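This is what each chain is made of:
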Amino acid sequence: MAGLEPLYAWALAAISRPQDALICGVHWELVRHGYRCLGAGDQPGPDERKSELLPAGWEANKEVYTLRYKSTDDARELLLKAIMVEDSMILNVMDRSSQKVADVTLAVADYINPEHLDDFHKVYKNTEELRTRIASGIIAPLGPPTEKAKKEPETEKKDPDLHRDYDPLRVPPRQPAGTRAPSWPSPLSPFAVGGEDLDPLGGRSGGMIVDPLRSGFPQPGTDPSSGIPGRLPPGAVPPGARFDPFGPLGAGRSRPDPDHLPPPGYDDMFM
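Residues numbered from 1 in each chain as written. Predicted model: local features only at pLDDT ≥ 70, side-chain atom pairs only at ≥ 80, totals over all residues. Heavy atoms only, no water.

On to the pairing of strand β2 (residues 64-71). Of all eight residues in β2, six are buried, a share of seventy percent or more. Pairing geometry for strand β1 (residues 35-40) and β2, over five bridges, is antiparallel. The residue of β2 that forms the bridge with A40 is L67. By the bridge criterion, seven bridges tie β2 to strand β3 (residues 77-85) in an arrangement that is antiparallel. Residue pairing in the sheet places K70 in a bridge with E77 of β3. Between β2 and β3, which pair antiparallel in sequence order, lie five residues; one of them, D74, sits at a positive phi of approximately 65°. (Buried < 20%, exposed > 50% of the residue type's maximum accessible area, 1.4 Å probe, protein only. Helix = DSSP H or I, 4+ residues; strand = E, 2+ residues; numbered from the N terminus. Pairing = 2+ DSSP bridges.)

Written out as structure tokens, the structure reads:
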């Protein structure tokens with residue numbers, strides 16, 4: 001309990017009973033947790049100042065010790081009453097601002113050697129247990145002093161453009177802005193069958209919703225609106241109209257698009 005030794009040496013002249021030594025230990029634990037003593041008694045006196053030392057007259061009443069404390073940030077003020085009941089000390093502490101109350105009962109003999117009141121190195125025992133009892137029974141229920149300049153919790157850094165124009169009902173884009181569409185395999189590959197139908201708007205030619213004459217690798221000059229020699233006169237097919245071929249269109253015609261083959265089981269009445 002670093003710091004308690006000089007305090008005990010300073011208060012040694014006033015220590016005459018085991019409970020005096022225990023009060024010194026309790027006082028120092030409050031100091032360690034950010035409190036300073038204002039004075040003795042219920043009411044403030046003239047010219048009070050916060051101090052790590054015990055105030056004058058702190059040991060005047062051996063049955064009821066009354067001390068007042070204030071946190072270093074001035075946010076909390078505590079009133080401590082230590083009441084002796086036979087061989088035990090009942091610590092009753094009230095936070096005057098919030099009216100919260102905490103109490104702990106300590107058996108004096110568990111922490112003080114009454115035969116060695118004049119020897120600091122022998123007077124205390126089970127100091128870790130004493131510190132734990134005070135921290136869990138007084139400091140934790142009342143809450144530790146808050147820092148004067150409490151930092152605001154850091155918010156997670158987010159991309160300012162991430163939620164710009166956010167609409168939960170909007171259908172998300174098929175792919176992130178600024179990226180290119182994936183490179184699909186060649187439509188002539190045997191593993192590309194059905195690729196156009198899976199991504200009809202992905203920029204690929206062909207597919208069940210596209211003019212079959214413009215799928216695969218169309219050759220120039222196959223626009224049916226200009227007519228087909230020996231089959232259709234010019235203008236028979238309006239420009240831009242959907243046109244299903246009814247026969248070979250001559251040499252240079254691209255190979256059949258596998259997407260235009262009938263699907264397996266097409267004649268199944270239950271499809």
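After that view of the structure, there is still more to cover.
Attention now moves to helix α1 (residues 4-11). Of all the positions in α1, only L4, L7, Y8 and A11 are classed as buried. Considered in projection along α1, the buried side chains sweep an arc of 100° and stay on one side of the axis. Every exposed residue of α1 that faces more than 90 degrees away from the buried side is listed here: P6 and A9. On the buried face of α1, the contacting elements are α2 (18-32) and α3 (120-123). (Arc of directions from axis to C-beta. Contact = heavy atoms within 4.5 Å.)

We now examine the pattern of salt bridges. Tallied over the full model, the rule gives eleven salt bridges. When the shortest N-O distance is used, the salt bridge between R96 and E77 registers 3.6 Å. With R96 in the loop between β4 (88-95) and β5 (101-107) and E77 in strand β3, the pair connects residues that are 19 residues apart, well separated along the chain. Looking at R96, the relative accessible area reads 27%, which means it is partly exposed. Connected through salt bridges with shared partners, the residues E29, R32, E128 and R131 form a single ionic network. (Salt bridge = Lys/Arg side-chain N within 4 Å of Asp/Glu carboxyl O.)

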